[in-house]
Amino acid sequence: MAISQYIKEIGRGKDGARSLTREQATDLLGQVLDGTVTDLEVGGFCLAMRIKGETPDEMAGFLDATHARLRRLPDNGLTTVVLPSYNGARKLPVLTPLLALLLARRGAAVLVHGTATENQRVFASQVFEALGVPSAREVPTLGAGEVAFVPTEVLSPGLKRLLDVRRAVGLRNPAHSLVKLMNPCEGKAFIVGSYTHPEYATSMAATWALTGAHALLLRGTEGEPVADARRTPRMEVFRDGERTEVQALQDGPLARLPSLPAVDASHTAAYIRAVLDGTEPIPTPIALQVEHILREVVQHETATHALAV
């Protein structure tokens, strides 16, 4: 169906808009990602969805369209940990690279993907560059103990274009949720998703339950997929439609707060090096997150091996 007909359905305002079926949402976003619609129609879609809000069925359809077009990482026979990094740092240092490197040091294959969505923040890509980890120019093959930062446009140029609409209209659109939900791997993946506001937690949980994703959900640092170093957030695991709390929310800050660096990339990179070499301690919330992720990855691979045998 022509995108104008979909916009007519979803663009009737907050109370009058009609939700799309999963199949309709797949068709709609497929046209957007394929670049077969005009910039004006893309803007209309983004604004209409921003006002209406996405249903779990619509998000599942958007994911179907995205997954069908992604340049996915080859199956490495492992459960790859996926860290979507799109929010960056404004008030606190972006420690997503620290989480990635701690996981890799313990033997995990770790994919971090993202792009700069605003001009006034420090992003994980900049911290990785300061650590000597350049952004990948093509889809890599990851082995155990390896980390890669892959820009969104390497995975999907169409998705990157949709994310960039925010710079023109100043509002988020479904792509900003999609990138935190999607699986960019051909093989098994454990996705670490984060949210900034409770309504996004509800939406993400409903979508993952509907699609049967294998994932961890937490309120990360300013929307990044890493626990706030100052307090331990609630963490939940999603597996085959089931939802389990693995870490309770801590009331108040830690008894002993870590000495965090300045927000800029160079100071953040220096702090991460200090943590990795033992000069600085691993912040307790991040250490707990590492253990929960690794435990889930091991359980998943053990279960998969048992089924294969």
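These numbers were taken from a predicted model, which means no experiment stands behind them.

Caption draft 1: The arrangement of the environment of leucine 254 in detail. If you trace the backbone, leucine 254 turns up in the loop between strand 7 (242–247) and helix 11 (265–276). By relative accessible area, leucine 254 is classed as buried at 14%. Distance from leucine 254 to threonine 232, taken between C-alpha atoms, is 7.8 Å for residues 22 residues apart in sequence.

Caption draft 2: View of the sheet that holds strand 7. The strand order 3-2-1-4-5-6-7 describes an open sheet built from 7 strands, whose pairing is mixed. The open sheet has two edge strands with one neighbour each: strand 3 (147–151) and strand 7. Sheet twist, expressed as the mean angle between neighbouring strand axes with direction ignored, is 25 degrees. Here 5 bridges tie strand 1 (residues 80–85) to strand 2 (residues 110–114), and the two strands are oriented parallel to one another. Its bridge partner lying in strand 2, valine 82 is registered against leucine 111. Here helix 9 (residues 174–181) sits on the sheet in contact with strand 1, strand 2 and strand 4 (189–194), set at roughly 140 degrees to strand 4. Helix 10 (residues 198–211) rests against strand 4, strand 5 (215–218), strand 6 (235–239) and strand 7 of the sheet, and its axis sits at about 165 degrees to strand 5.

Caption draft 3: Main features of a nonpolar patch on the surface. Residues Leu47, Val169 and Leu171 make up a contiguous nonpolar surface patch of roughly 210 Å² in combined accessible area. In this structure, leucine 47 sits in helix 3 (residues 39–52). Judged by relative accessible area, leucine 47 falls into the partly exposed class, the value being 37%.

Caption draft 4: Local environment of the pattern of salt bridges. Counting across every chain of the model gives 13 salt bridges. A salt bridge links lysine 52 to glutamate 58; the nearest nitrogen and oxygen atoms lie 2.9 Å apart. Judged by its relative accessible area of 0%, glutamate 58 falls in the buried class. Residue arginine 106 is joined to glutamate 291 by a salt bridge in which the shortest nitrogen-to-oxygen separation is 2.7 Å. Of the two residues, arginine 106 is situated in the loop between helix 5 (96–105) and strand 2 and glutamate 291 in helix 12 (residues 284–308); the sequence distance between them amounts to 185 residues. You can call arginine 106 partly exposed: its relative accessible area is 49%. Given the relative accessible area of 31%, glutamate 291 is considered partly exposed. Among the charged side chains, a network of salt bridges with common partners joins Arg234, Glu236, Arg243 and Glu245.

Caption draft 5: Molecular detail of the environment of alanine 269. Take alanine 269: it is sitting in helix 11. In the structure, alanine 269 is positioned 139 residues away from alanine 130 in sequence and 6.0 Å away in space, judged by C-alpha atoms. In this structure alanine 269 touches Val127, Ala130 and Leu131, once residues within four positions along its chain are discounted.

What counts and what doesn't
Residues numbered from 1 in each chain as written. Predicted model: local features only at pLDDT ≥ 70, side-chain atom pairs only at ≥ 80, totals over all residues. Heavy atoms only, no water. Helix = DSSP H or I, 4+ residues; strand = E, 2+ residues; numbered from the N terminus. Buried < 20%, exposed > 50% of the residue type's maximum accessible area, 1.4 Å probe, protein only. Pairing = 2+ DSSP bridges. Axes fitted to C-alpha atoms, helices over the stretch in contact; angles between N-to-C directions. Contact = heavy atoms within 4.5 Å. Patch = residues over 30% accessible without salt bridge, like charges linked within 9 Å, V, L, I, M, F, W, Y side chains within 5 Å. Areas by Shrake-Rupley, 256 points an atom, 1.4 Å probe, with all protein chains shown as cover. Salt bridge = Lys/Arg side-chain N within 4 Å of Asp/Glu carboxyl O.

Geometric values such as these leave the question of function open.
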